[in-house]
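A closer look at the structure
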Amino acid sequence: DMKKIIAITAATLAIAGCSNMNNTEQRTLSGGAIGAAAGAVGTAIFHGNPIWGAVGGAAVGAASGYIYDAYKKEEGAQYNAGYKAGKNNKPANAPN
């Protein structure tokens, strides 16, 4: 079936295209893609214009992916600070 071939080709290209990206770029792009798909489907269900739903969903998804990346980086920094403090037998300093 031609639709399956197109879907598999698109998925393969998407995965290969992400291989040279850093985590921030991957999370932002993934958020945008997921948001675009959700926005298009959501507006189609409610009889809106799927193009505008995809555009709005992509914007919200990309922003969400970027914010999630910042959260994960902060979480990693806190973990590393606690690990280093424990390794040096010192109490971890709370960020607040």
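Here, every reference points to the structure presented above.
This report concerns the structure included in the present document. As the structure is a prediction and not an experimental result, all values here were calculated from the model. (Residues numbered from 1 in each chain as written. Predicted model: local features only at pLDDT ≥ 70, side-chain atom pairs only at ≥ 80, totals over all residues. Heavy atoms only, no water.)

1. Here's the deal with the overall build of the protein chain
In terms of helices and strands, the protein chain carries 3 helices and 0 strands. Put simply, the protein chain has 96 residues, and 12% of those count as buried. Across the protein chain, the fraction of contacts at a sequence separation of at least 24, relative to all contacts at a separation of at least 6, is 45%. Here the protein chain displays about 7,500 Å² of accessible surface, and carbon together with sulfur accounts for 66% of that area. (Helix = DSSP H or I, 4+ residues; strand = E, 2+ residues; numbered from the N terminus. Buried < 20%, exposed > 50% of the residue type's maximum accessible area, 1.4 Å probe, protein only. Contact = heavy atoms within 4.5 Å. Areas by Shrake-Rupley, 256 points an atom, 1.4 Å probe, with all protein chains shown as cover.)

2. Some thoughts on the pattern of salt bridges
Side chains bearing opposite charge may pair, as long as their charged atoms lie close to each other. According to the stated counting rule, one finds 3 salt bridges in the structure shown. A salt bridge links R27 to D69, with the shortest nitrogen-to-oxygen separation between them at 2.8 Å. Of this pair, R27 sits in helix α2 (residues 23–45) while D69 is found in helix α3 (residues 50–87), placing the two residues 42 residues apart along the sequence. Assessed through its relative accessible area of 2%, D69 is described here as buried. When the shortest N-O distance is used, the salt bridge between K72 and E75 registers 2.9 Å. (Salt bridge = Lys/Arg side-chain N within 4 Å of Asp/Glu carboxyl O.)

3. Concerning α3
Its 38 residues place the ends of α3 53 Å apart at the C-alpha level, agreeing with the 56 Å of an ideal helix rising 1.5 Å per residue. Taken as a whole, α3 has its buried residues at G53, G57, G61, G65, D69 and A85. Turning to α3, the residues buried within the fold contact α2. With a side-chain oxygen positioned 3.0 Å from the backbone nitrogen of I51, the residue opening α3 is N49. Following α3 by one or two positions, N89 adopts a phi angle in the positive range, close to 55°. (Expected span 1.5 Å × (residues − 1). Polar contact = N/O pair within 3.5 Å; in protein donor to acceptor, adjacent residues only side chain to side chain.)

4. A closer look at a nonpolar patch on the surface
Taken together, V41, I45 and F46 make up a surface patch of nonpolar side chains, about 360 Å² in accessible area. By the secondary structure assignment, I45 is in helix α2. (Patch = residues over 30% accessible without salt bridge, like charges linked within 9 Å, V, L, I, M, F, W, Y side chains within 5 Å.)

5. Considering unusual backbone geometry
The phi angle of most residues is negative, glycine excepted, and most peptide bonds adopt the trans form. With phi around 60°, H47 is a residue other than glycine that occupies positive phi space. Within the element layout of this structure, H47 appears in the loop between α2 and α3. Overall, the relative accessible area of 76% leaves H47 in the exposed class.

6. Some words on the environment of G56
With respect to the helices, strands and loops of the structure, G56 is situated in helix α3. With relative accessibility at 36%, the residue G56 sits in the partly exposed group. As a C-alpha pair, G56 and A38 span 18 residues in sequence and 9.8 Å in three-dimensional space.

By themselves, these are just geometric observations and shouldn't be taken as functional.
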